[in-house]
Amino acid sequence: MNFKPLNISGLIADIPIVQGGMGVGVSLSGLAGAVAAEGGVGVISAAQIGFSLPGFSANPFKANLEALAFHIKKAREKALGGVVGVNIMCAVTHYADYVKCCVENKVDLIISGAGLPMNLPELVKGSAVKIAPIVSSAKAASVLLKLWDKKYGVTADMVVVEGPKAGGHLGFTAEEVNAQFNAEAILPHISAYEEKYNKKIPAVFGGGIFDRQDMDHYMNLGFSGVQVGTRFVATEECDAHENFKLAYVNAKQEDTIIIKSPIGLPGRALNNEFIQNISHGTKQNCRNCIAACNPATIPYCITSALINSVTGNVAQGLVFCGSEVYRVNEITSVKELMGSWN
């Protein structure tokens, strides 16, 4: 099938692929800018984005804001007029400040999950920034869009529907991760607001998308595009260390595992030495980056674990991945990858 460009309230992506926001440090300006330049939606992850700056240990919040502003500017330069977004987890501390930074630096789009972004419309009010929540159930979509409609008189510019095959944190219980997921059942809860606001609200599906065949399947169900994360890791432009990329290339199907994150959500990752150590009680100091973390009870600091992996110490780090990681068998370029979907 020939696909239509993705129209996000006037933002046009010629190829209806949203690159998933992957943190810590996996999707920064390098990857996001390259995807946007090729006609997709490039997405920076705001999660502990300042990890490589000298002042991060002393003042991570300040470093994160500095790095976020830098990467938005850099991605826009690389994007050649393409669409650049930022993924901000609702669960992070200083959520409103990160949104404000995105608004001030004129990012095109904010995508927000790991919780429901109840007050996001208020935080972007008066700006041109488009907003897109991530939902994993019809109930979540219904509750959030109803609240935005009644409280703020607005609706979403796009909705990302994330299924249980996605990488990283999942919006499901451990039991639901392996259950059948009826993605299209969520669509009516989104389209219900289109007539009132006189606009198309594109729904984008993410989780287990690997190739054009997967893309066509979900677009035939009524989705306007797809969100792809795992496949973009094994690209030359991905901001992660080469060792991180090779962990994907070398992964086998049996290497993926569902873990319990310190923030209380299940997550999909590669089973490695770090995971084995955690299961035996190894602990790390907490950096207080996630509002829901309790330093007294968490088994490990997720920031430290993700920084280890993205900087090359893969064996001693947390390597989030999607369910189809075992199908990745080479490192390619964003241009070649995007071209394979046409």
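Thresholds applied
Here the residue index of a chain counts from 1 through its sequence in written order. Restriction of local features to residues with pLDDT of at least 70 applies here, the model being predicted, together with a cutoff of 80 or more for giving and counting side-chain atom pairs; totals for whole chains, interfaces and linings are based on all residues. Hydrogens and water are ignored here; the side-chain numbers use all heavy atoms of the structure. Numbering of helices and strands starts at the N terminus; helices are DSSP runs of H or I of at least 4 residues and strands are runs of E of at least 2. Throughout, radius of gyration means the C-alpha value; the globule benchmark is 2.2 Å times the number of residues raised to the power 0.38. With a 1.4 Å probe rolled over the protein chains alone, any residue whose accessible area is under 20% of its type maximum counts as buried; one over 50% counts as exposed, and the rest are partly exposed. By definition in these notes, contact holds between two residues if any of their heavy atoms fall within 4.5 Å. We get accessible surface area from the Shrake-Rupley algorithm with a probe of 1.4 Å; when it comes to residues, only the shown protein chains can shield them. Residues scored as positive are Lys and Arg, those scored as negative are Asp and Glu, and His as well as the terminal groups of each chain are ignored. Just so you know, the charge point we use is NZ for Lys, CZ for Arg, CG for Asp and CD for Glu. DSSP bridges decide pairing: two strands pair if at least two such bridges lie between them. Aromatic pairing here means that ring centres of Phe, Tyr or Trp (its six-membered ring) are within 6.5 Å. Orientation follows from the plane angle: under 30 degrees is stacked, over 60 is edge-to-face, and everything else is tilted. When a carboxyl oxygen of Asp or Glu is within 4 Å of a side-chain nitrogen of Lys or Arg, the pair counts as a salt bridge. Whenever a nitrogen or oxygen atom comes within 3.5 Å of another N or O atom, the pair is scored as a polar contact, on the condition that within protein one atom can donate a hydrogen and the other can accept it, and that pairs from neighbouring residues in sequence are kept only if both atoms are in side chains.

## Focus on the overall build of the protein
Next, step 1: When you go through the protein residue by residue, the secondary structure sums to 13 helices and 13 strands.
Next, step 2: Its C-alpha atoms give the protein a radius of gyration of 18 Å, within 12% of the compact-globule value 20 Å for 342 residues.
Next, step 3: Principal-axis analysis of the C-alpha atoms places the extent of the protein at approximately 55 × 40 × 40 Å.
Next, step 4: Residues classed as buried in the protein amount to 55% of the 342 residues present.
Next, step 5: Put simply, 65% of the contacts in the protein that link residues at least 6 apart link residues at least 24 apart.
Next, step 6: Accessible surface computed for the protein: about 14400 Å², of which carbon and sulfur atoms make up 49%.
Next, step 7: Separation between the mean location of the 28 positive side-chain charges and that of the 29 negative ones in the protein comes to 7 Å.

## Observations concerning the sheet that holds strand 9 (residues 168-169)
Next, step 1: Overall, antiparallel pairing links the three strands, which are arranged 9-13-12 in an open sheet. The sheet terminates laterally at strand 9 and strand 12 (256-260), the two strands that pair on one side only.

## Focus: the packing of aromatic side chains
Next, step 1: Taken as a whole, this structure holds six aromatic pairs when the rule is applied.
Next, step 2: Geometrically, the ring pair formed by F205 and Y218 is stacked, given 4.0 Å between the ring centres and 10 degrees between the ring planes. Here F205, found in strand 10 (residues 203-206), pairs with Y218, found in helix 8 (residues 212-220); they are 13 residues apart in sequence, far enough to count as distant. Here F205 and Y218 have matching classes, each one buried.
Next, step 3: Taken together, a centroid distance of 6.1 Å and an interplanar angle of 75 degrees make the contact between Y218 and F223 edge-to-face.

## Considerations on the pattern of salt bridges
Next, step 1: Under the criterion given, the structure shown has nine salt bridges.
Next, step 2: Across the pair K196 and D149 runs a salt bridge whose closest N-O atoms are separated by 2.8 Å. Taken together, the residues K196 in helix 7 (residues 194-197) and D149 in helix 5 (residues 138-152) connect sequence positions 47 residues apart.
Next, step 3: The buried category is assigned to D149, whose relative accessible area is 15%.
Next, step 4: The structure contains a network of salt bridges with shared partners spanning D211, E324 and R327.

## Looking at unusual backbone geometry
Next, step 1: Cis peptide bonds are those with omega within 30 degrees of zero, and the linkage from G23 to V24 qualifies with 5 degrees.
Next, step 2: Mapped onto the elements of the fold, V24 is located in the loop between strand 3 (17-19) and helix 1 (29-37).
Next, step 3: In this structure, L80 takes a positive phi of about 55 degrees despite not being glycine.
Next, step 4: Within the secondary structure layout, L80 lies in the loop between helix 2 (60-79) and strand 5 (83-89).
Next, step 5: The phi dihedral of H94 falls on the positive side, at around 65 degrees, and the residue is not glycine.
Next, step 6: By relative accessible area, which is 39% here, H94 ends up partly exposed.

## Notes on the environment of D255
Next, step 1: Note on placement: D255 falls in the loop between helix 10 (242-249) and strand 12.
Next, step 2: Remark: the alpha-carbon pair of D255 and A269, spanning 14 residues in sequence, is separated by 8.4 Å.
Next, step 3: Beyond its immediate chain neighbours, meaning those up to four positions away, D255 contacts N250, A269, L270 and N271.
Next, step 4: A distance of 2.8 Å separates a polar side-chain atom of D255 from the backbone nitrogen of K252.

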